[in-house]
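A look at the structure
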Amino acid sequence: MEYQRLKTNAQQHFALWSQRLRLLRRFYFQVADAKTAEAEVVDLTLSESFQWQELGISMALSDALPISWNAQLSSSEVQLKYPMEFVCALFDVVFHIESSADSFAP
């Protein structure tokens, strides 16, 4: 009798979690299938033949940004599409590449 009760409880538990997993999986697939507008892609590919002067770029990005750019982006009024840490890490990478590559900025 005890075995039968344990078996029934185990089956009910399995059925409950199986249903929850199916619902969760369906939700994730619906989120993945949701169509969103494509974001504008900015090509930052390094190119020796690219004419930076045509864009009016006369200084490095790290020199053009204000000293407080990080604090300005961290402001509560600014809403970024990506986490602040990610954006700051991207700027750090760009600044590092910019300081070590002649072809990235004039």
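Our subject is the structure that appears above.
These notes cover the structure that comes with them.

Details of the overall build of the chain
Looking only at helices and strands, one finds 4 helices and 0 strands in the chain. Once local pairs closer than 6 in sequence are excluded, the contacts in the chain between residues at least 24 apart make up 59%. Of the roughly 9600 Å² that the chain leaves accessible, carbon and sulfur atoms contribute 60%.

Some details on a nonpolar patch on the surface
Residues Leu21, Leu24, Phe27, Tyr28 and Val31 make up a contiguous nonpolar surface patch of roughly 500 Å² in combined accessible area. With respect to the secondary-structure elements, Leu21 resides in helix 1 (residues 2-33).

Focus on the pattern of salt bridges
Opposite charge on two side chains permits them to pair, given that their charged atoms come into close proximity. By the definition in use, this model includes 1 salt bridge. In this structure, Glu2 engages Arg5 in a salt bridge whose closest nitrogen and oxygen atoms are separated by 2.6 Å. Highlighted residues: Glu2 and Arg5, both in helix 1, separated by 3 residues, approximately one helical turn.

Section: the environment of Leu73
Mapped onto the secondary structure, Leu73 falls in helix 3 (residues 69-74). In this structure Leu73 comes out as partly exposed when scored by relative accessible area, which is 23%. Sequence separation between Leu73 and Val87 is 14 residues, and the spatial gap between their C-alpha atoms is 9.1 Å. The contacts of Leu73, once residues within four sequence positions are left out, are Val78, Leu80, Met84, Val87 and Phe91.

A short note on helix 4 (residues 84-100)
For helix 4, spanning 17 residues, the distance from its first C-alpha to its last is 25 Å, which sits close to the expected 24 Å at 1.5 Å a residue. Among the residues of helix 4, those classed as buried are Met84, Val87, Cys88, Val94, Phe95 and Glu98. Projection of helix 4 onto a plane perpendicular to its axis shows the buried side chains occupying an angular sector of 120 degrees, all on one side. Exposed residues pointing more than 90 degrees away from the buried face of helix 4 are listed as Glu85, His96 and Ser100. The inward-facing, buried residues of helix 4 abut helix 2 (61-64) and helix 3.

So, how was this worked out
Residues numbered from 1 in each chain as written. Predicted model: local features only at pLDDT ≥ 70, side-chain atom pairs only at ≥ 80, totals over all residues. Heavy atoms only, no water. Helix = DSSP H or I, 4+ residues; strand = E, 2+ residues; numbered from the N terminus. Contact = heavy atoms within 4.5 Å. Areas by Shrake-Rupley, 256 points an atom, 1.4 Å probe, with all protein chains shown as cover. Patch = residues over 30% accessible without salt bridge, like charges linked within 9 Å, V, L, I, M, F, W, Y side chains within 5 Å. Salt bridge = Lys/Arg side-chain N within 4 Å of Asp/Glu carboxyl O. Buried < 20%, exposed > 50% of the residue type's maximum accessible area, 1.4 Å probe, protein only. Expected span 1.5 Å × (residues − 1). Arc of directions from axis to C-beta.

The quantities given are spatial measurements derived from coordinates; they are silent on function.
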